[in-house]
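The primary structure of each chain is shown beneath.
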Amino acid sequence: RLAVRANEEWRRLDPCPLRENGLLEYGQGVELHAAAFDEVGQPYEWLEPAEAERRFPEAHFPEPVLWDAQAGAVMADEALATLARGLVVREGTVVADPRELEADVIVAAPGSWLGAMFDLPLQPQIEQVTYFAGAPDDRPSVIDHGGPDRRLYYGLVTPGVGYKVAEDAARPGY
């Protein structure tokens with residue numbers, strides 16, 4: 001529900017920072033995503049590996065793939081610029097306690113300081129990513145949710161830069 005609502009809200013912005021290139025997902029737990037889509041009436045398709053590879057020949061899929069044509073990637077710089085119109089934005093400002101600020105709305109993005117600010121048991125870590133130049137900007141994102149014996153990998157479209165590929169090593173037990 002939140003993802004559907006978020007996409008609706010991104011589309012309301014002008015210019016819209018959402019690139020609806022679609023999302024291919026497979027691996028452990030993807031059937032739960034399909035069930036969630038059913039619950040909210042979000043259209044999707046199950047693609048057999050051969051059909052997924054026919055549509056997206058640059059990839060190989062070892063099992064059926066969940067295809068969400070309405071998914072996409074939010075272009076962060078565009079989103080921030082659009083959302084900041086008419087606001088006072090103070091980047092790089094150090095705030096010891098955001099509860100002491102006075103404003104109608106405060107958005108704090110403390111990054112790795114979040115745990116210390118609110119006494120949360122967080123363990124920030126650095127993830128390595130790779131960008132492949134030359135990938136067309138219209139390619140879908142891909143998430144391999146892995147399984148008990150595999151890690152999660154993802155590839156995200158990054159218009160003007162290439163295709164971002166990474167391993168999510170933050171999963172418990174790895």
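Residues numbered from 1 in each chain as written. Predicted model: local features only at pLDDT ≥ 70, side-chain atom pairs only at ≥ 80, totals over all residues. Heavy atoms only, no water.

Draft legend 1. Structural context of helix α2 (residues 30-40). When α2 is considered as a whole, its buried residues turn out to be Val30, Ala34 and Phe37. All buried residues of α2 fall inside an arc of 60° around its axis, so they share one side. Opposite the buried face of α2, by more than 90 degrees, sit the exposed residues Leu32 and Glu39. Among the structural elements, β2 (23-26), β3 (45-47) and β4 (65-68) are those in contact with the buried residues of α2. Directly after α2, the chain includes glycine 41, whose backbone phi takes a positive value near 75°. (Buried < 20%, exposed > 50% of the residue type's maximum accessible area, 1.4 Å probe, protein only. Helix = DSSP H or I, 4+ residues; strand = E, 2+ residues; numbered from the N terminus. Arc of directions from axis to C-beta. Contact = heavy atoms within 4.5 Å.)

Draft legend 2. Representation of the sheet that holds strand β9 (residues 162-168) in the model. In spatial order, the strands read β3-β4-β2-β7-β8-β9-β6; together these seven strands make up an open sheet with mixed pairing. Each edge of the open sheet carries a strand with a single partner, namely β3 and β6 (129-132). Direction aside, neighbouring strands of the sheet carry axes that sit 20° apart on average. For strand β8 (residues 152-158) and β9, the ladder comprises seven bridges, and the chain directions are antiparallel. Paired with leucine 152 across the two strands is aspartate 168, which belongs to β9. On top of the sheet, α2 reaches β2, β3 and β4; it is set at about 35° to β4, its chief contact. (Pairing = 2+ DSSP bridges. Axes fitted to C-alpha atoms, helices over the stretch in contact; angles between N-to-C directions.)

Draft legend 3. Inspection of unusual backbone geometry at higher detail. Here the bond from aspartate 14 into proline 15 is cis, since omega is 5°, no more than 30 degrees from zero. Locating proline 15 in the fold gives a position in the loop between α1 (2-12) and β1 (18-19). With phi around 50°, aspartate 119 is a residue other than glycine that occupies positive phi space. Relative to the helices and strands, aspartate 119 resides in the loop between α5 (114-118) and β6. Relative accessible area serves as the criterion here: at 71%, aspartate 119 is assigned to the exposed category.

Draft legend 4. How the structure looks around the nonpolar core. Among the nonpolar cores identified, the biggest contains 13 residues, and Leu24, Leu47, Phe61, Val65 and Val142 are the most heavily contacted of them. The set of elements that each furnish at least two residues to this core consists of β2 and β4. With sequence-adjacent residues up to four places away left out, valine 65 is seen in contact with Leu24, Glu25, Tyr26, Glu45, Trp46, Leu47 and Ala52. Leu23, Ala71, Tyr154 and Ala166 belong to the second-largest nonpolar core, a separate cluster that totals six residues. (Core = buried A, V, L, I, M, F, W, Y, C linked by side-chain atoms within 4.5 Å.)

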